Amino acid sequence: MSVKIFGGEVTAMVSDDDSGDGEVRPDENLRNFGETVKAFRKRAGITQEQLAPLVRYSVQYVGSIEQGRRHPSTKFVHRAEEALDAFGVIHIAARDLNRRRGIASWFRRWAELEDCAIALCTYECRSIPGLLQPESYARAQIANVPPLATTEETEARVAARLDRQKLLHRIPYIVFSFIIEQNLLERQTGGVEVTRELIDHLLECAKLPNVDIQIMPTIQPIHAGTDGPFRLLETDEHEWKGYSEGQQTGQVLSEPRDISLLQQRYAKLRIQALNPADSVGLLMRMRGRL
């Protein structure tokens, strides 16, 4: 295909999307990225039809990007930045997009609240909380849950999960409390070696001055968490929020009655679980048996 741009002749092969991503439901982050590309395209005074050969993608692909219906491939980002002389803005927009890309849409509001939290409490009975997952465990977990993720989707999810873990080290400190069911470790997600790495990682996290990790014993006749996992956080404005999640859904809770209920349950769980020192002792014994 040949097209005249800025008085010159550009010849390029136009490819289909090679990112492995199909079209998705639009969301705010994708729309923002698309608007950024569109703004620089219009600044350059060219159409989608003229941009397509410059980035070596189809016109339909460019249109889907600008409309926020498709995740951009890495190649598209680099080529669009160069073709539109965007002063690095498209690269920055892509980094911001990818930071959220690996986070499920229903979790994004909670992830935003985490960024301004001063305290965060987590009870989990399904899998190790993302903030405590080493990379090997994160990859094993992603590989286990259908539908199977593409390589690019897996990398995005892992990157987002590891990026969130910077919160553990943020200054001023966020105060973290985690209550984790013992059977999550006994399950050995990913195999023995991954479980060794997981326990080692938990022991390292437990050394942080702002992190308490408590293990709920497998046998615990009195248990306040049988309704499922949940989270609580205190914002920097000293407001409390809650979060409840199920299959493909998540809900941020702010009603005082809901928050009070979750706080009561969490207080009970902290009493019922092993204290942090005993939890570390259990983790070390489990590690020794592997």
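Residues numbered from 1 in each chain as written. Predicted model: local features only at pLDDT ≥ 70, side-chain atom pairs only at ≥ 80, totals over all residues. Heavy atoms only, no water.

## Brief notes about the packing of helix α2 (residues 48-55) against helix α4 (residues 74-84)
Thought 1: Following both chains from N to C, one finds α2 and α4 inclined at 115°, their axes separated by 9 Å at the closest point. Crossing angle aside, the handedness with which α2 passes α4 is right-handed. Here L51, L54 and V55 of α2 lie close against α4, whose contacting residues are F76, R79, A80, A83 and L84.
Thought 2: When the residues that make up the contact of α2 with α4 are grouped by side-chain class, the tally is seven nonpolar, no polar and one charged. (Axes fitted to C-alpha atoms, helices over the stretch in contact; angles between N-to-C directions. Helix = DSSP H or I, 4+ residues; strand = E, 2+ residues; numbered from the N terminus. Left-handed = near helix turned anticlockwise from the far one by under 90°. Contact = heavy atoms within 4.5 Å. Nonpolar A, V, L, I, M, F, W, Y, C, P; charged D, E, K, R; others polar.)

## Observations regarding the side chain of T235
Thought 1: Position of T235 among the secondary structure elements: in strand β6 (residues 230-235).
Thought 2: Beyond its immediate stretch of four places on either side in the chain, T235 contacts C116, A117, I118 and K241.

## Some thoughts on the sheet that holds strand β4 (residues 175-181)
Thought 1: On the basis of which strands lie adjacent, the open sheet formed by six strands has the order β5-β4-β3-β6-β7-β8 and mixed pairing. The sheet terminates laterally at β5 (211-216) and β8 (249-253), the two strands that pair on one side only. Strand-to-strand, the axes of this sheet are offset by a mean angle of 15°, without reference to chain direction.
Thought 2: Here strand β7 (residues 240-246) pairs with β8 via five bridges, running antiparallel. Its bridge partner being in β8, G246 is matched across the sheet by T249.
Thought 3: Relative to the sheet, helix α11 (residues 256-272) contacts β3 (117-124), β4, β5, β6, β7 and β8, its axis offset from that of β6 by approximately 110°. (Pairing = 2+ DSSP bridges.)

## Some points on the packing of aromatic side chains
In this description, an aromatic ring pair is defined by two values, namely the gap between the centres and the angle between the planes.
Thought 1: Per the counting criterion, the structure on display carries eight aromatic pairs.
Thought 2: Plain terms: the ring middles of F176 and F178 are 5.8 Å apart, the flat faces sit at 5° to each other, and that makes the pair stacked.
Thought 3: Look at F230 and Y266: their rings are 6.1 Å apart centre to centre, the planes differ by 80°, and that puts the pair in the edge-to-face class. Here Y266 lies in helix α11 and F230 lies in strand β6, a separation of 36 residues in the sequence. In this pair, the class of F230 matches that of Y266, namely buried.
Thought 4: Here a set of aromatic residues connected by ring pairs shows up, and it is made of Y57, Y61 and F76. (Phe/Tyr/Trp six-rings, centres within 6.5 Å; stacked < 30°, edge-to-face > 60°. Buried < 20%, exposed > 50% of the residue type's maximum accessible area, 1.4 Å probe, protein only.)

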